[in-house]
Amino acid sequence: MYRLYTRAGSGGFVVEAAFELAGVPFERIEVIKGAEPAAEFRTISPLGQVPALVLPEGGAMTESAAMCQLIAERHPYARLAPAVDAPERADFLRWLTFLSSVMYPALLRYFYAQRYTTDAQGIEAVKVAAIAESDRGFGVLDKALEGRDWLAGKRMSVADIYLLMLAHWHPEAGKVAATWANVERVCAAQRDIPVIRDLNASHEMW
């Protein structure tokens, strides 16, 4: 069985959603912020970041986007991503990578600004820049979603769930919904999906 180290409000949200939508059983192991984690967690996540995933066959991995892609590939019946040979696959890979490599780090720079400067007086400047970068990214995504129901093709994918998660991480509550109508439309279409709604009860994303 998969073992997922995670915590409420973390990037584990999208991984848990992928498992639940695919009907794949997994063990959820809570990593309490500020408490000493299990030795296994430190081994598989040297940076001490969640989520971290132990695989049924042995081995482990970090990086939420990679976990989502793995789950989608191993359980294609769940249709969490376009097929490898589908025309929509390129968009899926593009936007999932954009979300994890551009948007996720920008938001982390806001919430963990002290990690990104050695000058205590510079923390506020890091936060301002982080919001500007995340807003620029949301603008790119909003434009890409013009006239489209989802980021990749005509079905929801884990890339859309990833977008939902990051949209609700924006430090200015309500800004995404008020500013980027296409992003909000895609997010609103997901919030009442039973699996997503139930996960929000524990993660309190919105």
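Because the structure is a prediction, the values reported are computed rather than measured. Along each chain, residues carry numbers from 1 onward, in the same order as the chain's sequence is written. For a predicted model such as this one, the threshold for reporting local features is a pLDDT of at least 70, and the threshold for listing and counting side-chain atom pairs is 80 or more; totals across whole chains, interfaces and linings nevertheless cover every residue. Excluded from the side-chain calculations are hydrogens and water; all other atoms, namely the structure's heavy atoms, are used.

**Thoughts on the packing of aromatic side chains**
Here's step 1: Paired rings are identified among Phe, Tyr and Trp, the last through its six-membered ring, by centres lying within 6.5 Å, and are further divided according to the angle between planes into stacked (under 30 degrees), edge-to-face (over 60) and tilted (the rest). Applying the stated criterion across every chain yields a total of 9 aromatic pairs.
Here's step 2: Each ring, one from tryptophan 95 and one from phenylalanine 98, has its centre 5.4 Å from the other, and the planes form 80°; the classification is edge-to-face. Residue tryptophan 95 and its partner phenylalanine 98 are located together in helix α4 (residues 89–111), separated by 3 residues, close to a single helical turn.
Here's step 3: Residue exposure (1.4 Å probe, protein chains only): buried if accessible area is under 20% of the type maximum, exposed if over 50%, otherwise partly exposed. Relative accessible area serves as the criterion here: at 3%, tryptophan 95 is assigned to the buried category.
Here's step 4: Ring geometry for tyrosine 110 and phenylalanine 111: centres 5.1 Å apart, planes at 85°, overall edge-to-face.
Here's step 5: Relative accessible area serves as the criterion here: at 22%, tyrosine 110 is assigned to the partly exposed category.
Here's step 6: The exposure class of phenylalanine 111 is partly exposed, given its relative accessible area of 43%.
Here's step 7: In this arrangement the basic side chain of lysine 127 is found over the ring face of tyrosine 110, its NZ or CZ atom lying 5.3 Å from the centre. Think of it this way: any DSSP run of H or I at least four residues long counts as a helix, any run of E at least two long counts as a strand, and we number them from the N terminus. Note on criteria: charge over ring means Lys NZ or Arg CZ within 6 Å of the ring centre, with the direction from the centre no more than 35 degrees off the ring normal.

**Notes on the nonpolar core**
The nonpolar side chains of soluble globular proteins are, as a tendency, buried together.
Here's step 1: One finds Phe138, Leu141, Tyr162, Leu163, Met165, Leu166 and Val183 to be the most contacted residues of the largest nonpolar core, which totals 56 residues.
Here's step 2: Every element with two or more residues in this core is listed here: β1 (2–6), α1 (12–22), α3 (64–74), α4, α5 (123–144), α6 (158–167), α8 (181–191) and α9 (194–203).
Here's step 3: The greatest single-element share of this core, amounting to 9 residues, is contributed by α6.
Here's step 4: Apart from residues lying up to four places away in sequence, methionine 165 is in contact with Ser10, Gly11, Phe13, Val14, Tyr104 and Met205.
Here's step 5: Counting 8 residues, the second largest nonpolar core, distinct from the first, contains Tyr5, Val31, Val50 and Ala52. In this text, buried Ala, Val, Leu, Ile, Met, Phe, Trp, Tyr and Cys residues form a nonpolar core when linked through side-chain atoms within 4.5 Å. We call two residues in contact whenever any of their non-hydrogen atoms come within 4.5 Å of each other.

**Remarks on the packing of α1 against α3**
Here's step 1: At a minimum axis separation of 9 Å, α1 and α3 run at an interaxial angle of 10°. When the axes of α1 and α3 are compared, the pair comes out roughly parallel. Judged by residue contacts, Val14, Val15, Ala18, Phe19 and Ala22 of α1 engage Ser64, Met67, Cys68 and Ile71 from α3.
Here's step 2: Classifying every residue of the contact of α1 with α3 gives 8 nonpolar, 1 polar and no charged. Angular values range over 0 to 180 degrees, each being the angle between N-to-C directions of two axes fitted as lines to C-alpha atoms, with helices fitted over their stretch in contact. By definition in this entry, angles of less than 35 degrees are roughly parallel, angles greater than 145 are roughly antiparallel, angles of 65 to 115 are roughly perpendicular, and the rest are oblique. Gly falls in the polar group here, along with every residue not listed as nonpolar (Ala, Val, Leu, Ile, Met, Phe, Trp, Tyr, Cys, Pro) or charged (Asp, Glu, Lys, Arg).

**Some points on α9**
Here's step 1: Residues of α9 that are buried: Ile196, Leu199, Asn200 and His203. Each buried residue of α9 sits inside an arc of 110° when the element is viewed along its axis, so together they form one side. Facing away from the buried side of α9 by over 90 degrees, the exposed positions are Asp198 and Ala201.
Here's step 2: Along its buried surface, α9 packs onto β1, α1, β2 (26–30), α6 and α8. The arc in question is formed by the directions pointing from the helix axis toward the C-beta atoms.

**Notes on α6**
Here's step 1: For α6, the buried fraction is high: 10 of the 10 residues fall into the buried class.
Here's step 2: Those residues of α6 that sit buried are Val158, Ala159, Asp160, Ile161, Tyr162, Leu163, Leu164, Met165, Leu166 and Ala167.

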